[in-house]
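These are the residues of each chain, in order.
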Amino acid sequence: MATQREKDAADYLKKHRIIELMDNLSSMLFFYRPENPREFLVEQLEQLKISQQSGVKGPNLFNNSNLDAVFGILDPSNQKYITFAQYKQALTTLGITDINECPEGVNEDRISHVTFKTEASQGLQRCSATYEQL
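Residues numbered from 1 in each chain as written. Predicted model: local features only at pLDDT ≥ 70, side-chain atom pairs only at ≥ 80, totals over all residues. Heavy atoms only, no water.

Please clarify how a nonpolar patch on the surface should be interpreted in this entry.
Taken together, the side chains of Tyr12, Leu13 and Ile19 define a hydrophobic patch exposed on the protein surface, amounting to about 280 Å² of accessible area. If you trace the backbone, Leu13 turns up in helix 1 (residues 4–15). You can call Leu13 partly exposed: its relative accessible area is 31%. (Patch = residues over 30% accessible without salt bridge, like charges linked within 9 Å, V, L, I, M, F, W, Y side chains within 5 Å. Areas by Shrake-Rupley, 256 points an atom, 1.4 Å probe, with all protein chains shown as cover. Salt bridge = Lys/Arg side-chain N within 4 Å of Asp/Glu carboxyl O. Helix = DSSP H or I, 4+ residues; strand = E, 2+ residues; numbered from the N terminus. Buried < 20%, exposed > 50% of the residue type's maximum accessible area, 1.4 Å probe, protein only.)

Shown next, in the form of structure tokens:
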């Protein structure tokens, strides 16, 4: 059984999303492999702070070209749309848990490239925002 101190520590980690923050920072370190990891981490934390204060996009692993590539894999015949099931699976695979269940095109089961990128970018931003909005 956990002691009160252990419960307090767990509550603190959860409240401040420390585990998610460390996961994101570690993932970026492994992905980018900067020459100066400490400087890189400071820069990422500074970007997070700016993002929190101003609402601008913060750091994450996926950029527009990565999202284009994901969409291209899902749309090999270049129809310019994917199904809702593909959309949902792709966002889940990218680590997005709070998926918009009613994106533009859902009624026709045709999620456009633009809608996919918008939803993915916003979802990734929410995932990487390991802070409370000011």
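From this point on, the discussion continues.
What is the right way to look at the pattern of salt bridges in this model?
Should their charged atoms come close, side chains of opposite charge can pair. Tallied over the full model, the rule gives two salt bridges. We note a salt bridge from Asp68 to Lys117, for which the minimum N-O separation is 3.0 Å. Placement of the pair is Asp68 in helix 4 (residues 64–74) and Lys117 in helix 6 (residues 113–128), with a sequence separation of 49 residues. On the accessibility criterion, Asp68 (29% relative accessible area) is partly exposed.

Can you help me understand the packing of aromatic side chains in this one?
How two aromatic rings sit relative to each other is set out by the distance from centre to centre and by the angle between their planes. Counted by the stated rule, this structure contains four aromatic pairs. Between Tyr32 and Phe40 the ring centres are 5.8 Å apart and the planes differ by 50°, which places this aromatic pair in the tilted class. Relative accessible area serves as the criterion here: at 41%, Tyr32 is assigned to the partly exposed category. Each ring, one from Phe71 and one from Phe116, has its centre 5.7 Å from the other, and the planes form 45°; the classification is tilted. Of this pair, Phe71 sits in helix 4 while Phe116 sits in helix 6, placing them 45 residues apart in sequence. Each member of the pair, Phe71 as well as Phe116, is classed as buried. (Phe/Tyr/Trp six-rings, centres within 6.5 Å; stacked < 30°, edge-to-face > 60°.)

Function cannot be read off these values alone, since they describe shape.
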